[in-house]
Amino acid sequence: MQRFFVLLIIRLLFTQITDAQSIKGVVKDSETGEELIGATIYLKDNPRQGTSAGLDGSFTLANISHFPVQLVCNYLGYNEKTVTVSGGAANPIAVSLEHKTMQISEVTVYGNDVRNTEISARSIEKNAINVVNVMSAKAIELSPDLTVANVIQRMSGIVMERSNTGDGQYALLRGMDKRFNYTLVNGIKIPSPDNKNRFVPLDIFPSELLDRLEVTKSLTADMEGDGIGGAVNMVMKDAPSCRQFTVHLSTGSNSQSLSRDYQSFDYSTINPMSPNEKYGLNYPIKTKDFTTKNLHLNSGNVNPNLTGGITWGNRVFHNRLGIMLAGSYSNEYRGNTSDMYSSAMTTDGKQQITKRDFSNQQTRSGLHAKLDYHLSKYHKLMWYNAFMDFRNAQVRDARDLNGQTMRLRWNHQAIFNSTLKGIHDFTGEKLRFDWSLIYGKASNETPDNVQINEKVVNQIITIDMNTGATRRWEHNSDKDKAGYANLHYTMNIGRAKFDWATGGMYRNKVRDSYYNEYLFKPYDESLPNPRELIKGVHWNNFDEVRFEVNAHGNLSDPLNYDATEKVSAGYLSGNLVFSQWQFTAGLRAEYTNQGYYLKFPVDGAKNEGNQEYTDYLPSFHIKYKVHRDANLRLSYVKAINRPSFFEIVPYSLIYEDYKERGNPDLKHTVADNFDLRYEYFPRPSEQFMLGLFYKKIKNPIEFGMMSGFGQDTYYMPMNFGDADNYGFEADIMKYFNWFGVKANYTFTNSNITTTKMQVLPNPDPNGETNYITEYVDQIRPLFGQAEHVVNVSLLVKDTKREWDGQLAFSYTGDRLCIVSRYLDEDSWQAGYVRLDASLEKRFKCGLAIFAKATNLLDTPMLQYIKEKDINRNNTGLERYKGGIVERKEYYGRNFSIGVRYKF
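Please read these numbers as outputs of a predicted model, since none were measured by experiment. (Residues numbered from 1 in each chain as written. Predicted model: local features only at pLDDT ≥ 70, side-chain atom pairs only at ≥ 80, totals over all residues. Heavy atoms only, no water.)

### A word on a nonpolar patch on the surface
The test is simple: For patch detection, residues must exceed 30% relative accessible area and be free of salt bridges, and they are connected within 9 Å for like charges or within 5 Å for nonpolar side chains (Val, Leu, Ile, Met, Phe, Trp, Tyr). Method for areas: the Shrake-Rupley scheme with a 1.4 Å probe, in which residue coverage is limited to the protein chains shown. Basic side-chain nitrogens of Lys or Arg form a salt bridge, by our definition, when they fall within 4 Å of a carboxyl oxygen of Asp or Glu. By the criteria applied, helices consist of DSSP H or I runs no shorter than four residues and strands consist of E runs no shorter than two, each listed in order from the N terminus.
Nonpolar side chains collect at one region of the surface, where L249, L306, Y329, F843, L847, I849, V899, Y901 and F903 lie side by side and expose about 780 Å² of accessible area between them. Of note, Y329 is situated in strand β21 (residues 321-345).

If you want it as structure tokens, here you go:
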């Protein structure tokens, strides 16, 4: 016992000595008091002995042999500072750093580096008049995500619609389908590559090009009004205050690509134009007009994935000209499997399953160039250019007991945007005028999309005699020319500050869409049965199959159309700041002229038409400063949603069991949006938010059954009265010295009434059962809405050893994914769980190594029809929650490792 107490006393003395020989403190911004996460602190006479500030800005520098000592502290975008410390941990210190400034004759320019930090993101949220959520470039860099679509899923109120690789593609805000929000680049709306709609796929944008990602949930009068769900704004990298150079390179793989053979074809041999596009509509098609080189199927191992990026920025010409250039490139091989469950049964009583294997090669590249030039102290010009390019070569191998279908598809999407902007201050910065001129173009092409159908009889594989193969050409483009202008004036009225603003915009959109399809049937005139081509006898690969083609393909598909849209708008708003209150009120007027030209009208429909309407959209925002670090917000905004380009085209399509048509009389949607949010920022990089939202939606656009066209009934887009959408959001970010938590939860509920078909038995007097069809109204949630969404990220930061780590968990509850024409036959996507991780180790020389892993749980995406009386007793079917499973998809795990260098 005596020995124990001696050892304990020695330990306590040692602890006291150790504490006495360490320095503790915190690093902050000298103006805002914001903690500077990651700031570097070291001894001036021994630079090797140092540390960095943790997630809460605090630091501990141990093993100090003597006092006083001089500490050097620096942080990107701030002036280096040296402080003298005379005591140890008993006297914690506070180091305040000042922003770097650059003198341009009489102009003072502040560096933009700090606009991409977590602290700046919280500052934007805190100071905004409306409801907005922001993710910084620093948070994006440390996340496991490579595209904007995967990054945005970490933010509250977001549900992702995923592509067939399992990655996010379209964002659904607060339970509102992707059609109800719009996408901005640097505050400017960009065109869409979709051939029917106006929404933008976010997986085309590499996340590394962003300074920050903003999600606006309540619009202001100076924003375009067609965002009932909200707006997504990608703020691209800005010119730094001093020279900056960053480069990174990584490699990795997808587990599914490694676990099975990867299939591919030579897409470089594809003809970009169909024969009729090259030679005219009346040209008689021949088999020799089509190449067969892209039909040769290859199978084997894949190369590793490759991702790289480079960023360079500087200020030149005496700091007047800021330059930011960035580029990124990735080449990824992704695989996934999908099981499609049929309601049909095999002869031995088992459910028929179609197994589909996907092999994807995705190439994604982005170029970003931004220049800003200070003409004088009060006048600045900016020119921004961006080009995003996405290419996907896909082989889909689908097989069941009766046959096999092989699809060889190459898709190319691109978005280009160029914006020239000027900012001009007059009368001592009280009067400000800014303007923008924009040109944007989005394109989408899928040339020579091949589908080959095989049939299996008694284990003999032949090309299907009736359906053979189809080869399809599709392409479309969307071009925007737009101009924006805004005028702001600031004045003081006693102790109150009043800002008023007015402005307007005009955009002319021109869209075209082209579609050609050709049907091929197997035919070899040298054979006794020229249409029976047996695999292994007459051919081994698809480029060896002999086909004949109809002289004229499907040239009159309704997807051959042109569309135009002219939007002009003006607004007036005022902002009053008095004591702890801030009031903003505005009125926006938007005029829309949306038209179409159908190149091949059917059923006597007009080949052209248009819709014109004007909307007056009021908005009102109140912010009350509860105390210095807390706000209470209340917002009301009226917003709209326009029909998609194709929905108002009077097309008519005939399918096996129903007919579909467009609706030229479709009305645009109008919604009243209400928001209430309390937000608390205990530290500059931390937050706690609680919010409520409600949307009253008038004339929502949904697809449903409609009768009244003679004796026919059509599945078509319609307006379905009113819908309600409401919910609750909670956000929390909390950091300790080495550990942090980011979490958010969203509850959403909605209801809409649509018309459905119901087939009922109708026994006749002879005892035979006939069936009749009735039309009934059904109340259901909005398309895409998930009731529960949860995101939790755990962050670790070891400042001494320069390690960063993150574990990110996300859960999206059951959501409606396909709206059926029949009562209680809607398809639901089951709750989806995802776990991702990232790790980074930094070195003093500016070098860092990192690793990222996504979809670690490899949770399947499961689609099902809910349980009901008619299917409850069906046996032998795959089930989920008592309902019938329609599809299961597995995407595989993704791993990458790389290096990053910053200078």
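We are not done yet, so read on.
### Points about helix α2 (residues 118-127)
Formally: For the exposure calls, accessible area comes from a 1.4 Å probe over protein chains only, and a residue counts as buried if that area is under 20% of its type's maximum, exposed if over 50%, partly exposed in between.
The element α2 is extensively covered by neighbouring structure, given that 7 of its 10 residues are classed as buried. Burial in α2 covers these residues: E118, I119, S120, A121, R122, I124 and E125.

### A short note on the environment of Y523
Put simply, the test is: Pairs of residues are marked as contacts when any of their non-hydrogen atoms sit within 4.5 Å.
By the secondary structure assignment, Y523 is in the loop between β28 (496-522) and β29 (547-549). Here the alpha-carbon distance between Y523 and V545, two residues 22 residues apart in the chain, equals 8.5 Å. Residues in contact with Y523, not counting those within four places in the same chain, are P530, R531, L533, R546, F547 and E548.

### With respect to the pattern of salt bridges
For the coordinates displayed, the defined rule picks out 60 salt bridges. For R154, the salt bridge is made with D145, and the minimal N-O distance between the two is 2.9 Å. Here E729 ties to R174 by a salt bridge, and the two come within 3.2 Å at their closest N and O atoms. Placement of E729 in strand β40 (residues 722-735) and of R174 in the loop between β12 (168-173) and β13 (181-185) is noted, with a sequence separation of 555 residues between them. R174 shares its class with E729; the two are buried. A network of salt bridges, in which partner residues are shared, links D145, R154, D167, E332, R334, R364, R834 and D836.

### Focus: unusual backbone geometry
Put simply, F67 and P68 share a cis peptide bond, and its omega is -5°. With respect to the element layout, P68 can be found in the loop between β4 (58-61) and β5 (69-74). Its identity as a non-glycine residue notwithstanding, D448 has a phi of 50°, on the positive side. Topologically, D448 is positioned in strand β25 (residues 431-457). Even without a glycine there, the phi angle at S579 is positive, about 55°. Inspection of the secondary structure puts S579 in the loop between β30 (561-578) and β31 (581-598). Residue S579 is classed as exposed on the basis of its relative accessible area of 60%.

### Some points on the sheet that holds strand β6 (residues 81-85)
Worth spelling out the cut-off: When DSSP finds two or more bridges between a pair of strands, those strands are recorded as paired. Axis geometry follows a simple rule: fit a line to the C-alpha atoms, using only the stretch in contact for helices, then measure angles between N-to-C directions, giving values from 0 to 180 degrees.
The antiparallel open sheet is built from 4 strands, whose spatial order is β3-β2-β5-β6. The strands lining the two open edges of the sheet, one partner per strand, are β3 (46-52) and β6. Neighbour-to-neighbour, the strand axes of this sheet turn through a mean angle of 30°, independent of strand direction. One ladder, built from 5 bridges, connects β5 with β6; its direction is antiparallel.

### A few points about the packing of aromatic side chains
So the rule is basically this: Aromatic rings from Phe, Tyr and Trp, with only the six-membered ring used for Trp, were paired whenever their centres fell within 6.5 Å, and each pair was classed as stacked if the ring planes differed by under 30 degrees, edge-to-face if by over 60, and tilted otherwise.
For the structure shown, the criterion picks out 21 aromatic pairs. Between Y262 and Y333, the aromatic rings sit 5.4 Å apart at their centres with planes inclined by 90°, giving edge-to-face as the arrangement. Highlighted residues: Y262 in strand β18 (residues 262-264) and Y333 in strand β21, separated in sequence by 71 residues. Of the two residues examined, Y262 and Y333, each falls in the buried class. On the basis of an interplanar angle of 40° and a centroid distance of 5.1 Å, the ring pair of Y636 and F674 is categorised as tilted. Of the two residues, Y636 is situated in strand β33 (residues 630-641) and F674 in strand β36 (residues 669-680); the sequence distance between them amounts to 38 residues.

### A word on the side chain of N181
The cut-off we apply is this: Definition of a polar contact: a pair of N or O atoms within 3.5 Å, with one able to donate and the other able to accept a hydrogen when the atoms are protein atoms, and with sequence-neighbouring residues admitted only if both atoms are side-chain atoms.
By secondary structure assignment, the location of N181 is in strand β13. Looking at N181, its side chain comes within polar contact range of the main-chain oxygen of A171, at 3.0 Å. Excluding its chain neighbours within four sequence positions, the residues that come into contact with N181 are A171, L172, L173 and G230.

### Description of the pairing of strand β47 (residues 832-842)
Taking burial as the measure, the 11 residues of β47 include 9 buried ones, the bulk of the element. With 10 bridges connecting them, strand β44 (residues 803-812) and β47 associate as antiparallel partners. Bridge pairing in β47 links Y811 to V833. Sheet topology note: the β47/strand β48 (residues 847-854) ladder contains 6 bridges and is antiparallel. When the sheet's bridge partners are listed, K841 is paired in β48 with I849. Where β47 hands over to β48, the hairpin turn is made up of 4 residues, of which G846 adopts a positive phi near 95°.

### Some details on the nonpolar core
Short version of the rule: Definition of nonpolar core: a set of buried residues of the types Ala, Val, Leu, Ile, Met, Phe, Trp, Tyr and Cys, connected through side-chain atoms within 4.5 Å.
In this structure, I152, I158, F205, L213, M234 and M236 are the most contacted members of the largest nonpolar core, which totals 32 residues. Broken down by secondary-structure element, the contributors of at least two residues to this core are α3 (137-142), α4 (148-152), β11 (158-162), β12, β15 (210-216), β16 (230-236) and β23 (379-399). The residues touching I152, leaving out its near neighbours within four places in the chain, are I158, M160, A171, L202, L213, V215 and V232. In this structure, I270, A469, L527 and V545 belong to the second largest nonpolar core, which totals 27 residues.

### Some details on the environment of V545
Assignment of secondary structure puts V545 in the loop between β28 and β29. Remark: the alpha-carbon pair of V545 and A563, spanning 18 residues in sequence, is separated by 40 Å. When residues no more than four places from it in sequence are discounted, the contact partners of V545 are I463, L533 and W539.

### Here we look at the sheet that holds β4
Judged by pairing direction, the sheet is mixed, and its 3 strands sit side by side in the order β4-β1-β7 without closing on themselves. The sheet is open, and its two edges are formed by β4 and β7 (93-97), each paired on a single side. Geometrically, the sheet is characterised by an average inter-axis angle of 30° between neighbouring strands, direction not taken into account. With 4 bridges joining them, strand β1 (residues 23-29) and β4 adopt antiparallel strand pairing. Counterpart to V26 in the pairing with β4 is S58.

### Concerning the side chain of N444
Looking at the element boundaries, N444 is found in strand β25. In this structure N444 comes out as buried when scored by relative accessible area, which is 14%. At 2.8 Å, the side chain of N444 forms a polar contact with the side chain of N411. Other than its neighbours up to four places away in sequence, N444 contacts P193, N411, H412, Q413, E474, H475 and N476.

Treat this as a map of the structure, not an account of what it does.
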